[in-house]
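Descriptive analysis of the structure
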Amino acid sequence: MAGKQVRLFLVDGKAGGLTTAEIMTWTGQLLKGARKDLARIRERKEAQKTGVYILLGEDEETGKTKAYIGQSDNVAKRLSSHDQNKDFWSEVVVIASKDSNLTSAHVRWLESKLIGMAKAISRVPLENGNEPTGGADLPEADASDMEEFVRQLEILLPVLGVDVLRGRATRPAVGAPDAAQTVPAGSGDPLPVTESEQDPAAEDSPVFRLLQMPGAQAQVVDGEFTVLAGSEVAAEMPDRPNYKASSAKQYKVRQGQHRDLVADGSIAVGPDGTARLTRDVVFGSPSAAGAVIAGRVSMNGRISWITKDNVTYAFWESGSPS
């Protein structure tokens, strides 16, 4: 993939203040700011245009980020409304066009597209209650331009620390149990088992499988070690009271990660007791991934994840010829 020149401008001259972001030769422009700076954000030209916005805040139940995606002919006015009726958000990203060429039809299309992508990726939960009905119908040329607009957003949003579109969409896994037969661990609510959609144009790593759990697969996607949807995973991580202090502390960390995946529905259990991931899950390292997936206190993931040709992750990462 060709390189991209990204331009960031710290409006206040410091991190944590208002930030604008753009890609050279691209007509789009992003503005990110904190809710406490809403009065200043509303005065910015980016917010006074027709555009799309993403509200970001903490989910009180999980402590993780959640988001709301919306659109308006005047984003500044809409944000004023959300300041009155939406409590969760602490930051906002405004998506506009430098040349003011985004129309109401364009942003309705874009809102629908981004919500659909975010839900398919399932990395950041959405607060959106009503899913758009498909957005506006655009002429073929306009739709093509907007698809390219979205591709640039997929690059630029993570630069601002916004991962709503980061990752790959999932689909029902081939041969997976029916949704009605698959439930999140510890729950009675049905959830389908899915697998990742492969992007032929993506420059990802080879697929690795875990020696200790051959039904688990992972890839480095967008620079992150990602265990793929549909992977087999330990159904539970029970307490281990006999572990020594150091091991017990480390196990509690892995147990907590596993528990979080169960709680948010990322781990589903089939009628045969086999647990699988319902979405792609990003881990901080291959070792952390291996330990949680196999239900262990620790693991050297650099040698435990191997390709179909028995090349270890460590050997692949080193760039050594196989």
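Source: prediction; values computed, not measured.

1. Observations regarding the packing of helix α3 (residues 104-121) against helix α4 (residues 140-159)
Contact pair α3 / α4: the axes reach a minimum separation of 11 Å and the direction vectors enclose 50°. Relative to α4, α3 is oriented oblique. Helix-helix and strand crossings are classified by hand; for α3 and α4 the assignment is right-handed. Listed contacts from α4 to H106, W109, L110, K113, L114 and M117 of α3 are D142, A143, M146, E147, F149, V150, L153 and E154.

2. What about the packing of aromatic side chains?
Taken as a whole, this structure holds eight aromatic pairs when the rule is applied. On the numbers, 5.3 Å between centres and 70° between planes, the contact of Y243 with Y251 is edge-to-face. Look at Y243 and you get partly exposed, because its relative accessible area is 33%. Residue Y251 is classed as buried on the basis of its relative accessible area of 2%. The rings of F208, F225, W305, Y313 and W316 are connected pair by pair, giving a single aromatic cluster. The positively charged end of K86 is found above the aromatic ring belonging to Y68, 4.2 Å away from the centroid.

3. A look at the confidence of the model for the protein
Averaged over the protein, the pLDDT score is 88; the fraction of residues at 70 or greater is 86%. In the predicted structure, residues 173-193 sits below a pLDDT of 50 and forms 49 contacts with residues beyond four places in sequence or in another chain.

4. Brief notes about the nonpolar core
One finds L30, I95, L110, L153 and V164 to be the most contacted residues of the largest nonpolar core, which totals 32 residues. Per element, the largest residue contribution to this core is seven residues, and it comes from α3. Beyond its immediate sequence surroundings of up to four residues, I95 is in contact with Q29, L30, G51, V52, I54, L110, L114, F149 and L153. Among the nonpolar cores identified, the runner-up in size contains 24 residues, and L210, V262, L277 and V281 belong to it.

5. Let's talk about the packing of helix α5 (residues 245-263) against helix α6 (residues 286-294)
Between α5 and α6, whose axes approach to 9 Å, the crossing angle comes to 70°. Put simply, α5 runs roughly perpendicular to α6. Crossing geometry of α5 relative to α6 is assigned as right-handed. Residues R254, Q257, H258 and L261 of α5 pack against A288, A291 and V292 of α6. A class-by-class count of the residues in the contact of α5 with α6 yields four nonpolar, two polar and one charged.

Cut-off values and rules
What you see as residue numbers is a count from 1 along each chain, following the sequence as written. Under the rules for a predicted model, residues below a pLDDT of 70 receive no local features and side-chain atom pairs below 80 are neither given nor counted, while totals for whole chains, interfaces and linings still include all residues. Only hydrogens and water are set aside; all other atoms, that is, all heavy atoms of the structure, feed into the side-chain values. Lines fitted to C-alpha atoms define the axes here, with helix axes fitted over just the stretch in contact, and angles between the N-to-C directions of these axes take values from 0 to 180 degrees. Helix and strand assignments come from DSSP, with helices taken as H or I runs of at least 4 residues and strands as E runs of at least 2, each series counted from the N terminus. Throughout, the term roughly parallel applies to angles under 35 degrees, roughly antiparallel to angles over 145, roughly perpendicular to angles from 65 to 115, and oblique to all others. Two helices crossing with the near one rotated counterclockwise from the far one by less than a right angle form a left-handed crossing, whereas a clockwise rotation gives a right-handed crossing. Contacts are assigned to residue pairs with any non-hydrogen atoms lying within 4.5 Å of each other. Each Phe, Tyr or Trp ring (for Trp, its six-membered ring) is paired with any other whose centre lies within 6.5 Å, and the angle between the two planes then decides the class: stacked below 30 degrees, edge-to-face above 60, tilted in between. When a residue's accessible area, from a 1.4 Å probe over protein chains only, is under 20% of the maximum for its type it is buried; when over 50% it is exposed; and in between it is partly exposed. Should the NZ of a Lys or the CZ of an Arg lie within 6 Å of a ring centre and within 35 degrees of the ring normal, that charge is described as sitting over the ring. Every residue gets a pLDDT, meaning the predictor's confidence in that residue, from 0 to 100. Throughout, nonpolar core names a set of buried Ala, Val, Leu, Ile, Met, Phe, Trp, Tyr and Cys residues whose side chains join them through atoms within 4.5 Å. Polarity classes work like this: nonpolar for Ala, Val, Leu, Ile, Met, Phe, Trp, Tyr, Cys and Pro, charged for Asp, Glu, Lys and Arg, and polar for all others, with Gly in that last group.

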